[in-house]
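One-letter residues, chain by chain:
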Amino acid sequence: ALGLYTVNAVYGDTITMPCRLEVPDGLMFGKWKYEMPNGSPVFIAFRSSTKKNVQYDDVPDYKDRLSLSENYTLSIKNARISDEKRFVCMLVTEDDVSEEPTIVKVFKQPSQPEILHQADFLETEKLQMLGECVARDSYPEGNVTWYKNGRILQPVEEVVVINFQKMVDKSTGLFTMTSSLQYMPTKEDVNAKFSCVVTYYGPSGQKTIESEPVVFNVYYPTEKVTIQVLPQSSAIKEGDNITLKCSGNGNPPPQEFLFYIPGEAEGIRSSDTYIMTDVRRNATGEYKCSLTDKSMMDSTTITVHYLDLQLTPSGEVTKQIGEALPVSCTISSSKNATVFWSKDNTRMPTSPSFSSLQYQDAGNYICATTLQGVEGLQKRKTLKLIVEGKPQIKMTKKTNTNRMSKTIICHVEGFPKPAVQWTVTGSGSIINKAKETRYVNGKFSSKIVIAPEENVTLTCTAENQLERTVTSLNVSAISIPEYDEPEDRNDDSSEKVNDQAKLIVGIVVGLLLVALVAGVVYWLYVKKSKTASKHVDKDLGNIEENKKLEENNHKSET
């Protein structure tokens, strides 16, 4: 067939073969025939040039498939593999017969190749069947090539073994190509893409079709064991729960491990996790895990942080004023701890120290500590300090600037807060119009304002649960100015500097007057003490009530 005119046809399409002869003069008819393998002719179509009629020979393979045009072009519908023949166009005149052969070639594209009988998984260091690549219904026959990650797999003994087979369908003449691949994978073949490509010939030349890629699960042994402590985000403290997780880098990963716990002689068989709840400080140590055959092992160190606080003394403590009280806040921890003190919710710059307790030392103390870098680990203890003291009294007097009255003050210290009572010595009358300042740090003042017409002795009584204290003060008549020592600077009614100067002048004048009339004053005081009591009562009000109190006091004295 070399050098002959060839028509390439696609399987199932229409074959069109023009008669490549020039129509001669005196043409009687034209014919088409094909040649059998033994060279004998088989006529299939006839067309008369005069009668213009067409006749088709009774050839079963071409029944209802032929069409002969006026220019003697022969068409064959539904091309088959069996149509690959040598066809001849014949033009006949009375004197001559002309012939021109045409070779018909039929091509069939195979189906897209598929990888069948795929392995469920591949194991490293083991030659096994990966799968079969099948491409069907090809003509002429094609070839199959295996690829991994886009690169051709070449046969390698005991590593890559490829077997190719082809079969032909006798009814259609089409080929089916099958290529099997045996493969020994390595760990690097994880996620590798395997595919196969069929190469075939078509009317326009060589072409290829590739299969869908396939990724196989590659099994490989564990080469390394790793232990983890969960959760990883925070430090571990007493009371936490710890999860140990052991893993191997094999595929499939190991399902069981041996966990080695501090204090345990033998490994504990478990799944890939081991849980410890409410851990204590004695759980600090090295933890290990291994495969069940003890072939591989990994370890990690766990530190269970702790924080202890000891406050001495603590709770509610009652002490007497002036006593010493040693206070200690002792910390025991797994790392550096921060300690701070507060009193009555106010931060203190230093820790408290009491060599001689005062009333202002009383309060609620808190020693608190936190562990740096360990979230949620903090401790605190409290000390409620109560400072008690017996009542202490200091009395002062002064003539007011208007010289119409005198202010007598009883300065009181003590805890619990003492109750204060004013009385007039001699008559025993109780004075109920005293005013008290605010009680601060165990101190307060009680004062009265009087305008005695005669000399009088006043008594201030302070009493709490510890003791009863009594102090008296002689007060001259309103006509005699007098001034006592300056009031306590801590008291709210402290005098200004100019008041102190006036007080000094008043004292000097008072001393001169006392020297001049000392005898007279003493005589008047003795004679008229009862009368003075009545005058004070009248000045303070409630005369009847004071008389009754005076009678009661006389009875008690008797």
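Residues numbered from 1 in each chain as written. Predicted model: local features only at pLDDT ≥ 70, side-chain atom pairs only at ≥ 80, totals over all residues. Heavy atoms only, no water.

Caption draft 1: Here's a closer look at the overall build of the protein. Along the backbone of the protein there are 3 helices and 43 strands. Per-residue burial over the protein gives 38% buried out of 558 residues. Total accessible area on the protein stands at roughly 32,000 Å², and carbon and sulfur atoms take up 49% of it. (Helix = DSSP H or I, 4+ residues; strand = E, 2+ residues; numbered from the N terminus. Buried < 20%, exposed > 50% of the residue type's maximum accessible area, 1.4 Å probe, protein only. Areas by Shrake-Rupley, 256 points an atom, 1.4 Å probe, with all protein chains shown as cover.)

Caption draft 2: Examining the sheet that holds strand 15 (residues 160-168) more closely. One open sheet accounts for 4 strands, arranged 10-12-16-15; its pairing is antiparallel. The outermost strands of the open sheet, each flanked by one partner alone, are strand 10 (114-116) and strand 15. Adjacent strand axes in the sheet meet at a mean angle of 25° when their direction is disregarded. As judged from the 9 bridges shared by strand 15 and strand 16 (residues 175-183), these two strands associate in the antiparallel manner. Residue Ile162 lies in a different strand from strand 16, and its bridge partner there is Leu181. (Pairing = 2+ DSSP bridges. Axes fitted to C-alpha atoms, helices over the stretch in contact; angles between N-to-C directions.)

Caption draft 3: The arrangement of the nonpolar core in detail. Core analysis: the biggest nonpolar cluster contains 51 residues, and Met17, Trp32, Ile44, Leu74 and Phe87 have the highest contact counts within it. Both domains that furnish three or more residues to this core are identified here as domain 1 (6-107) and domain 2 (114-219). Within the second largest apolar cluster, 18 residues are counted, among which are Val225, Ile227, Phe257 and Ala283. (Core = buried A, V, L, I, M, F, W, Y, C linked by side-chain atoms within 4.5 Å. Domains from an automatic or database assignment.)

Caption draft 4: Layout of the pattern of salt bridges. Summed over the entire model, instances satisfying the criterion amount to 24 salt bridges. Among the salt bridges present, the one from Lys148 reaches Asp189, with a minimum N-O distance of 2.9 Å. Placement of the pair is Lys148 in strand 13 (residues 143-148) and Asp189 in the loop between strand 16 and strand 17 (193-202), with a sequence separation of 41 residues. Given the relative accessible area of 3%, Asp189 is considered buried. Residues Lys187 and Glu223 are paired through a salt bridge, measuring 3.5 Å at the closest nitrogen-oxygen approach. In this pair, Lys187 sits in the loop between strand 16 and strand 17 while Glu223 sits in the loop between strand 20 (218-219) and strand 21 (225-230), placing the two residues 36 residues apart along the sequence. When its relative accessible area of 53% is taken as the criterion, Glu223 is described as exposed. What you see here is one network of salt bridges that share partners, running through Glu238, Arg281 and Asp308. (Salt bridge = Lys/Arg side-chain N within 4 Å of Asp/Glu carboxyl O.)

Caption draft 5: Examining the state of the cysteines more closely. Overall, the coordinates contain 5 disulfides when judged by the stated rule. Here Cys19 connects covalently by a disulfide to Cys89, the sulfurs 1.9 Å from one another. Taking the sign of the S-S torsion, about -90° here, the bridge from Cys19 to Cys89 comes out left-handed. With Cys19 in the loop between strand 2 (15-17) and strand 3 (27-35) and Cys89 in strand 8 (residues 86-93), this pair connects stretches of sequence that are 70 residues apart. Considered together, Cys19 and Cys89 belong to a single accessibility category, that of buried residues. Here Cys329 pairs with Cys367 through a disulfide, and the sulfurs are 1.9 Å apart. (Disulfide = S-S within 2.5 Å.)

Caption draft 6: Broad picture of unusual backbone geometry. The residue after Tyr139, namely Pro140, is reached through a cis peptide bond having omega -10°. Considering the arrangement of structural elements, one finds Pro140 in the loop between strand 12 (128-138) and strand 13. Looking along the chain, the bond that leaves Thr312 and enters Pro313 is cis, with omega of -10°. For Pro313, the location among the structural elements is in the loop between strand 30 (307-312) and strand 31 (315-320).

Caption draft 7: Fine view of the environment of Pro231. You can see Pro231 is positioned in the loop between strand 21 and strand 22 (236-237). Judged by its relative accessible area of 47%, Pro231 is partly exposed. Pro231 sits 13 residues away from Leu244 along the chain, and the two C-alpha atoms are 9.1 Å apart.

Caption draft 8: Quick look at the environment of Asn191. For Asn191, the position within the fold is in the loop between strand 16 and strand 17. Accessibility expressed as a relative area gives 59% for Asn191, which makes it exposed. Measuring from C-alpha to C-alpha, the distance between Asn191 and Asn217 comes to 7.6 Å, with 26 residues separating the pair along the chain.

Caption draft 9: Region of the structure containing the side chain of Asn251. If you trace the backbone, Asn251 turns up in the loop between strand 23 (242-248) and strand 24 (257-260). A distance of 2.8 Å separates polar atoms of two side chains, one belonging to Asn251 and the other to Asn217. With near-sequence residues (within four places) excluded, Asn251 lies in contact with Asn217, Val218, Tyr219 and Tyr220. (Polar contact = N/O pair within 3.5 Å; in protein donor to acceptor, adjacent residues only side chain to side chain. Contact = heavy atoms within 4.5 Å.)

Caption draft 10: Representation of the sheet that holds strand 27 (residues 285-291). The sheet built from 4 strands is open, its strands ordered 25-24-27-28 with antiparallel pairing. Of all the strands in the sheet, just strand 25 (268-270) and strand 28 (297-302) have a single pairing partner and so form its edges. Here the strands of the sheet are splayed against their neighbours by 25° on average, with no regard to which way each runs. Bridge count for strand 27 against strand 28 is 6 bridges, and the pairing is antiparallel. Residue pairing in the sheet places Ser290 in a bridge with Met297 of strand 28.

Caption draft 11: Up close: the packing of aromatic side chains. Taken as a whole and judged by the stated rule, the model has 11 aromatic pairs. Plain terms: the ring middles of Phe259 and Tyr274 are 5.7 Å apart, the flat faces sit at 25° to each other, and that makes the pair stacked. Of this pair, Phe259 sits in strand 24 while Tyr274 sits in strand 26 (residues 273-276), and the two are 15 residues apart along the sequence. Relative accessible area serves as the criterion here: at 0%, Phe259 is assigned to the buried category. One aromatic cluster is present, formed by Tyr34, Tyr62 and Phe87 through successive ring pairs. In this arrangement the basic side chain of Lys85 is found over the ring face of Tyr34, its NZ or CZ atom lying 5.0 Å from the centre. For the cation-ring pair, Lys417 lies above Phe444, with the distance from its terminal atom to the ring centre recorded as 4.9 Å. (Phe/Tyr/Trp six-rings, centres within 6.5 Å; stacked < 30°, edge-to-face > 60°. Lys NZ or Arg CZ within 6 Å of the ring centre and 35° of its normal.)

Caption draft 12: Local environment of the pairing of strand 17. Within strand 17, 7 of the 10 residues are buried, which leaves it mostly tucked inside the rest of the structure. Strand direction decides the pairing type here: strand 13 and strand 17, joined by 6 bridges, are antiparallel. Paired with Tyr147 across the strands is Ser195, a residue of strand 17. Of the strand pairs in this sheet, strand 17 and strand 19 (residues 214-215) are connected by 2 bridges, and their pairing is antiparallel. Looking across to strand 19, one finds that Phe194 is bridged to Val214. Here 6 bridges tie strand 17 to strand 18 (residues 205-210), and the two strands are oriented antiparallel to one another. Looking at strand 18, one finds that Gly202 is bridged to Gly205. Taken together, strand 17 and the strand that follows it, strand 18, pair antiparallel across an intervening segment of 2 residues.

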